[in-house]
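# Architecture at a glance
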Amino acid sequence: MVENVARVVAELDPEDIYLLSGVEQGMRFSEWVNRGKLPDYADLTAEEVDYRLDRCMKRDLIERRTIQYEGYQLTFEGYDVLALHTFAERDTVEGVGAPLGVGKESDVYEVQSYRPLALKFHREGYTNFREVNREREYTADRDHVSWLYTARKAAEREYEALETLYPDVSVPRPIDHNRHAIVMAKFDGIELSRAKLDDEQVVGVLDLILGEVTTAHGAGLIHGDLSEHNVAVASSGITIFDWPQSVSTDHANAAELLERDVSNLIGFFARKYPAVVPDVDAAAVAEAVAADAFESVREFATSRSS
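The name given to the protein in an unreviewed UniProt entry is non-specific serine/threonine protein kinase, and the organism recorded there is Haloplanus rallus. UniProt lists a comment for the protein under the heading Sequence similarities (unreviewed entry), and it reads "Belongs to the protein kinase superfamily. RIO-type Ser/Thr kinase family." Taken directly from UniProt, the Cofactor (unreviewed entry) text for the protein runs: "Mg(2+)".

## Description of the domain arrangement of the protein
The domain boundaries assigned to the protein delineate domain 1 (1-78), domain 2 (95-185) and domain 3 (190-300). At the junction of the two partners, domain 2 supplies 18 residues and domain 3 supplies 16 residues. Between domain 2 and domain 3, roughly 1,300 Å² of surface is buried when both sides are summed, and carbon and sulfur atoms account for 59% of that area. Looking at the side of domain 2 facing domain 3, the largest losses of area belong to Leu-165, Val-169 and Ser-170, adding up to 33% of the total buried there. In this structure, the connection of domain 2 to domain 3 is made through 1 salt bridge.

## Examining the sheet that holds strand 11 (residues 231-234)
Reading across the sheet, the 3 strands line up as 9-11-12 and stay open at both edges, with antiparallel pairing between neighbours. Across the chains shown, the open sheet's two edge strands, defined by having one partner strand only, are strand 9 (190-191) and strand 12 (237-240). Bridge analysis of strand 9 against strand 11 gives 2 bridges, and the strand direction is antiparallel. Across the sheet, residue Glu-191 finds its bridge partner in strand 11, namely Ala-232. Strands in contact with helix 8 (residues 199-218) are strand 11 and strand 12; relative to strand 12, the strand with the most contacts, it is inclined by about 45 degrees.

## A few points about the packing of aromatic side chains
In total, this model carries 8 aromatic pairs according to the counting rule given. Between Phe-76 and Tyr-79, the ring centres sit 6.5 Å apart and the planes meet at 45 degrees, which makes this aromatic pair tilted. Remark: Tyr-79 and Phe-76 occur in helix 5 (residues 76-89); sequence separation between them is 3 residues, near one turn of the helix. What makes Phe-76 buried here is its relative accessible area of 4%. Ring centres 4.5 Å apart and planes at 40 degrees place the aromatic pair Phe-76 and Trp-147 in the tilted group. Here Phe-76, found in helix 5, pairs with Trp-147, found in helix 7 (residues 147-165); they are 71 residues apart in sequence, far enough to count as distant. The ring centre of Phe-76 lies 4.6 Å from the NZ or CZ of Arg-123, which sits over that ring.

## Considering the packing of helix 2 (residues 14-26) against helix 4 (residues 46-58)
Two elements in contact, helix 2 and helix 4, have axes whose closest approach is 9 Å; the angle formed by their N-to-C orientations is 90 degrees. By the angle class used here, helix 2 and helix 4 are roughly perpendicular. Residues Glu-15, Asp-16, Leu-19 and Leu-20 of helix 2 pack against Glu-48, Val-49, Arg-52, Leu-53, Arg-55 and Cys-56 of helix 4.

## Notes on the sheet that holds strand 2 (residues 62-66)
Read across the sheet, 3 strands follow the order 1-3-2 without closing on themselves; strand pairing throughout is antiparallel. Of all strands in the sheet, those with a lone pairing partner are strand 1 (33-34) and strand 2, marking the two edges. Sheet topology places strand 2 next to strand 3 (residues 70-74); 5 bridges connect them, and they run antiparallel. In the strand pairing of strand 3, Ile-62 is matched with Leu-74. Each of strand 2 and strand 3 is contacted by helix 4, which is oriented at about 110 degrees to strand 2, the strand it contacts most.

## Let's talk about the pattern of salt bridges
Within the structure shown, the criterion is met by 19 salt bridges. Between Arg-52 and Glu-48 there is a salt bridge, with the nearest N and O atoms lying 2.7 Å from each other. Here Glu-48 and Arg-52 lie together in helix 4, a separation of 4 residues that amounts to about one turn. With a relative accessible area of 7%, Arg-52 lands in the buried category.

## Details of unusual backbone geometry
A cis amide bond links Tyr-166 with the next residue in sequence, Pro-167, at an omega value of 5 degrees. Relative to the helices and strands, Pro-167 is located in the loop between helix 7 and strand 7 (174-178). A positive phi is found at Asp-91, a non-glycine position, where the angle reads about 65 degrees. For Asp-91, the location among the structural elements is in the loop between helix 5 and strand 4 (95-102). Phi at Asp-242 takes a positive value of approximately 60 degrees, unusual for a residue other than glycine. By secondary structure assignment, the location of Asp-242 is in the loop between strand 12 and strand 13 (247-248).

## What to know about the pairing of strand 11
Pairing geometry for strand 11 and strand 12, over 4 bridges, is antiparallel. What sits directly across from Val-233, in strand 12, is Ile-238. The turn linking strand 11 back onto strand 12 is made up of 2 residues.

## Regarding the packing of helix 9 (residues 254-272) against helix 10 (residues 282-290)
At their nearest, the axes of helix 9 and helix 10 sit 9 Å apart, and the two run at 125 degrees to each other. The angle between helix 9 and helix 10 falls in the class oblique. As for how helix 9 packs across helix 10, the hand of that crossing is right-handed. Residues Leu-258, Glu-259, Val-262, Ser-263 and Ile-266 of helix 9 lie in contact with helix 10, whose contacting residues are Ala-282, Ala-283, Val-285, Ala-286, Val-289 and Ala-290. Grouping the constituent residues of the contact of helix 9 with helix 10 by class yields 9 nonpolar, 1 polar and 1 charged.

Quick notes on the rules
- Residues numbered from 1 in each chain as written.
- Predicted model: local features only at pLDDT ≥ 70, side-chain atom pairs only at ≥ 80, totals over all residues.
- Heavy atoms only, no water.
- UniProt positions renumbered as here; feature names shortened; annotations may be inferred.
- Domains from an automatic or database assignment.
- Contact = heavy atoms within 4.5 Å.
- Buried area = accessible area lost by both parts, 1.4 Å probe.
- Salt bridge = Lys/Arg side-chain N within 4 Å of Asp/Glu carboxyl O.
- Pairing = 2+ DSSP bridges.
- Helix = DSSP H or I, 4+ residues; strand = E, 2+ residues; numbered from the N terminus.
- Axes fitted to C-alpha atoms, helices over the stretch in contact; angles between N-to-C directions.
- Phe/Tyr/Trp six-rings, centres within 6.5 Å; stacked < 30°, edge-to-face > 60°.
- Buried < 20%, exposed > 50% of the residue type's maximum accessible area, 1.4 Å probe, protein only.
- Lys NZ or Arg CZ within 6 Å of the ring centre and 35° of its normal.
- Parallel < 35°, antiparallel > 145°, perpendicular 65-115°, else oblique.
- Left-handed = near helix turned anticlockwise from the far one by under 90°.
- Nonpolar A, V, L, I, M, F, W, Y, C, P; charged D, E, K, R; others polar.

Spelled out as structure tokens, the structure:
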């Protein structure tokens, strides 16, 4: 758990961090880092490497495998330590609080700070590496792709998207980024999939979300994985989060991805509120979003367009 990792950071010596960084460096080239190369990667003597390996293994920060050679790999806890150590050095994070959300591809925690922040660790590729490696375009042009690289690239992609969109689009405010982790402003609301909207609110909320999608498109980005699970609804408005699969509007599949996002969203509302949401032509809505001409889904009801 990340709470335990945060406590471990305070126990480590600078040389422990050198070793973890050395293993990280070696994982750029191979899945398991050869024991004999660690002194060079970590800038430590062979004797110091032995001692630090023992300390880090006892804390479950690295793991060992012996096949053709003795190799070492960071665990996600070890990678978490490196990110947290960097955030602490930057005075971005003072401590880690309660979990805000734990999923298949990310873990989000409250940040102990004088301001309400959230800390998101990307987990892409660690347990479902082959599936993620097929789906994410940022892994397509590399001969060696580790879960470490996949998670880091996902965090980079998301942080860049947040920086591009905030504050014009209602997304979490980006604060800091390191490796596979992002610090962002904590936002209000509950997941759209769990929200209970009154009938008179339904179309208004849908229009509000699609309006943000339109603004994001105008800023040059498409979410790429939009659904009821990455929109938060609050009395103050909505927030669209989880942007690691975002693509630019000049992407070869931009139109297809935008239509899929819009269809996912409209489909959810139609299923949950069938008596309220009109029968909407999602393709026409997507075209309007792309043309910065979207105003309300009611304009695209199938009965009116036919």
